[in-house]
Amino acid sequence: MRTFGGFRVGSNVFYGEVRGDEVHVLAKPFWIDIAPTGEVAKLADVDVDLPVAPSKLIAVGLNYADHIAEMKRTPLGTPLIWFKAPSSLLPHNGTIEIAFPEHQTDFEVELAIVIGAEAKNVSEDRALDFVFGYTVGLDISDRDLQKTEKQFARCKSFDTYTPAGPFVCSDVDVVDLPIELKQNGEVRQKARTSQMIYSPAQIVSFASHGITLLPGDLILTGTPSGVGPIRDGDQIEARIGDWPLLRNRVRDVRR
């Protein structure tokens, strides 16, 4: 497994490969080209920033049978996709700001796909050739708005509603990994990626038909059961396999 991410030192933002306690700085974003500059920084001396800068942020819904049941929905027969605003992305250790504290706003942990090559109308058997790697993502969802609006984009696109990271893992097999979310130290979601109805290859192929996926694009693959409301002061921790933990705090935006 190789590990990549986005980093910040003051106003300087850069991408690099994490090797132990070091960050090897890259000349370009890793999903474009893995070209080391020769510069090395200590991981402890940099801030972890957003791991990707996607042109598109795509979400998939109803991809675990238990979640379909808890949401009282029925399977559609094809992946359900919509777009989230890239401006909703939030890095590791960032604070989720609840836009409407009076609304029920839920956490959802998800495996996220990072596209590594331009893809359009790709077949399922070739789809993974266009994937650079994967990261941990959260799809924060305003349920009050989701119930009253026909489209999901707004209720899931408020600023900070898509935590992702801390890093992107490549050269990994995601067929059957544990996926888990803890809220204030208590396990709320626990499943395996093998329980997804549609695999990453099926999702990438489906999303690419008629839509050009570009390097750096991010696709959230759906959440398992156990979703629940976040509240001011919460700490949310999400993990997939043995990848680094994604941690975020929660606060009411109006405080």
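Quick note: structure is the one above.
Residues numbered from 1 in each chain as written. Predicted model: local features only at pLDDT ≥ 70, side-chain atom pairs only at ≥ 80, totals over all residues. Heavy atoms only, no water.

**So, the environment of E110**
To keep it simple, the criterion reads: Per the convention used, a helix needs a DSSP run of H or I reaching at least four residues, while a strand needs a run of E reaching at least two, with both numbered from the N terminus. Only protein chains enter the accessibility calculation, which uses a 1.4 Å probe; a residue is then buried when its area is under 20% of its type maximum, exposed when over 50%, and partly exposed in between. Here, two residues are considered to be in contact whenever any of their heavy atoms come within 4.5 Å of each other. Counted as a polar contact is a pair of N or O atoms within 3.5 Å, where, for protein atoms, one must be capable of donating a hydrogen and the other of accepting one, and residues adjacent in sequence contribute only when both atoms are in side chains.
Mapped onto the fold, E110 is located in strand β11 (residues 109–115). Classification of E110 by relative accessible area gives buried; the value is 1%. In the structure, E110 is positioned 112 residues away from G222 in sequence and 5.5 Å away in space, judged by C-alpha atoms. Excluding anything up to four places from it in sequence, E110 contacts V60, T135, V136, G137, D139, I179, L220, T221, G222, T223 and I240. A polar atom in the side chain of E110 sits 3.5 Å from the backbone nitrogen of T221.

**Focus on the sheet that holds strand β16 (residues 186–192)**
As a reminder, the rule being used: Any two strands with at least two DSSP-identified bridges between them are counted as paired. The axes are straight lines fitted to the C-alpha atoms, using for helices just the contacting stretch, and the angles between their N-to-C directions are given from 0 to 180°.
Pairing within the open sheet is mixed, and its five strands lie in the order β9-β20-β19-β15-β16. The sheet is open, and its two borders are formed by β9 (95–98) and β16, each paired with just one other strand. Strand after strand, the sheet turns through a mean of 20 degrees between neighbouring axes, direction not considered. In this structure, β9 lies alongside strand β20 (residues 246–252), joined through four bridges in parallel fashion. Bridged to E97 within β20 is R251.

**Digging into the nonpolar core**
As a reminder, the rule being used: Take the buried residues of types Ala, Val, Leu, Ile, Met, Phe, Trp, Tyr and Cys, join any two whose side-chain atoms come within 4.5 Å, and each joined set is a nonpolar core.
Membership of the largest hydrophobic core comes to 67 residues, with the highest contact counts inside it found for F30, L138, V204, I219 and W243. Setting aside its immediate chain neighbours within four residues, I219 contacts I58, V60, L111, A112, I113, I115, I203, V204, A207 and L213.

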